[in-house]
Amino acid sequence: MPDGKEDMDREKFIQQHIEMENFFSGGFVPKGNPQPDSSLSEDMETPSKLKQPADEGKVKAELEQIVKEAKDCRKCEIALSRLNSVPGEGSHRARIFFIGEAPGADEDALGRPFVGRAGQLLDKIIKAMGFERAEVFIGNILKCRPPENRTPKAEEIINCLPFLQRQIELINPDIIVALGAYAAQGLLDTTKPIGQLRGQFFDYYPGLGKKPIKLMATFHPAYLLRNYSPDNRRKVWEDMKKVVTELGLPVPEQTKND
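Residues numbered from 1 in each chain as written. Predicted model: local features only at pLDDT ≥ 70, side-chain atom pairs only at ≥ 80, totals over all residues. Heavy atoms only, no water.

Colleague: Please explain unusual backbone geometry as it appears in this structure.
Modeller: The residue Phe-114 is not glycine, and still its phi comes out positive at about 50°. Residues other than glycine seldom take positive phi values, yet Glu-148 does so here, at roughly 60°. Locating Glu-148 in the fold gives a position in the loop between β4 (137–140) and α6 (154–171). For Glu-148, a relative accessible area of 72% gives the class exposed. (Helix = DSSP H or I, 4+ residues; strand = E, 2+ residues; numbered from the N terminus. Buried < 20%, exposed > 50% of the residue type's maximum accessible area, 1.4 Å probe, protein only.)

Structure follows, in structure tokens:
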């Protein structure tokens, strides 16, 4: 039977996770703005949160083509072990593009990005920022799950990155949020640790002649789940408030005690 110390440690661990997830769940309202009108249709899109592509039909068609190509791709050995490719999902009009490292077991099973525990926390963070998941775009550096969730190999990143680069160019978001070290390092072509990258904007260049896109690096939700602390939680929230501010949108403020 576990001793008293193990029981206390377990209770502390559970309480920390509850506090962290509650922090990103509800209790936020746009600063200086009234609560949203619940009578509004959920299908209505807020223009200030979404872009309007010049050729919307072409963008949607080319994004669908990338999905097909990712599903058919067999360039890497991980294509042999995957259950499903995970091309990414979200709005083709998104102003924010969240990018992680690679799919995990839950994502591999469903073919959708960020649907496990880390994804549930990301959903809460997106909601706390004043967005719905359907209003942003979510993807990964890799489109397939590495076996046993191992670190992506260099050749796998090289093979997969063009899919993501095309998605970024088509969606042309105002801001990219790189979740974790591998996403930030891969997109910025740097070896700096995430602790040195997070909290500041960088320029991501989608191609020759293209305007740079602002990129904010922050901790991966899975890192928050593994390394809970009020300080890490606050750092991520401060990063996301900078993103919302850069978009010119009202910054949600917490209305309950932290």
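Colleague: Before we go on, may I ask you to explain the packing of aromatic side chains in this structure?
Modeller: Where two aromatic rings form a pair, the distance of their centres and the angle of their planes describe that pair. The final tally for this structure, using the stated rule, is two aromatic pairs. Relative to Phe-137, the ring of Phe-97 has its centre 4.9 Å away and its plane inclined at 55°; by these criteria the two rings are tilted. One end of the pair, Phe-97, is in strand β3 (residues 96–100); the other, Phe-137, is in strand β4, and 40 residues separate them in sequence. Lying across the ring of Phe-131, Lys-49 places its NZ or CZ 5.6 Å from the centre. The ring centre of Phe-201 lies 5.9 Å from the NZ or CZ of Lys-214, which sits over that ring. (Phe/Tyr/Trp six-rings, centres within 6.5 Å; stacked < 30°, edge-to-face > 60°. Lys NZ or Arg CZ within 6 Å of the ring centre and 35° of its normal.)

Colleague: Got a minute to help me understand the pattern of salt bridges in this structure?
Modeller: Scanning all chains against the criterion turns up 16 salt bridges. The salt bridge involving Asp-174 is made with Lys-51; its shortest N-O contact spans 3.1 Å. Here Asp-174 is found in the loop between α6 and β5 (175–179), whereas its partner Lys-51 is found in the loop between β1 (28–30) and α2 (56–72), with 123 residues between them in sequence. Asp-174 gets classed as partly exposed once you look at its relative accessible area, which sits at 27%. (Salt bridge = Lys/Arg side-chain N within 4 Å of Asp/Glu carboxyl O.)

Colleague: Which parts of the structure should I look at to understand the confidence of the model for the protein?
Modeller: Close inspection of predicted coordinates is inappropriate in any region flagged by low pLDDT. The predicted model of the protein has a mean per-residue pLDDT of 87, with 81% of residues at 70 or higher. Here residues 33–47 is modelled with pLDDT under 50, and outside its nearest four sequence neighbours on either side it reaches five contacts, counting other chains as well. (pLDDT = per-residue confidence, 0-100. Contact = heavy atoms within 4.5 Å.)

Colleague: I'm lost on the environment of His-220 in this one. Help?
Modeller: Mapped onto the fold, His-220 is located in the loop between β7 (213–218) and α9 (221–226). Here His-220 falls in the buried class, since its relative accessible area comes to 17%. With 99 residues separating them along the chain, His-220 and Leu-121 place their C-alpha atoms 9.9 Å apart. Not counting residues up to four positions away in its chain, the partners in contact with His-220 are Phe-114, Ala-118, Leu-179 and Gly-180. A polar side-chain atom of His-220 sits 2.9 Å from the main-chain amide nitrogen of Ala-222. (Polar contact = N/O pair within 3.5 Å; in protein donor to acceptor, adjacent residues only side chain to side chain.)

Colleague: Explanation requested: the packing of α2 against α6 in the structure shown.
Modeller: At a closest axis distance of 10 Å, the pairing of α2 and α6 adopts a crossing angle of 170°. Viewed along their axes, α2 and α6 adopt a mutual orientation that is roughly antiparallel. Residues Val-59, Glu-62, Leu-63, Ile-66, Glu-69 and Ala-70 of α2 touch α6, and the partners they reach there are Phe-163, Arg-166, Gln-167, Leu-170 and Ile-171. Broken down by class, the residue content of the contact of α2 with α6 amounts to seven nonpolar, one polar and three charged. (Axes fitted to C-alpha atoms, helices over the stretch in contact; angles between N-to-C directions. Parallel < 35°, antiparallel > 145°, perpendicular 65-115°, else oblique. Nonpolar A, V, L, I, M, F, W, Y, C, P; charged D, E, K, R; others polar.)

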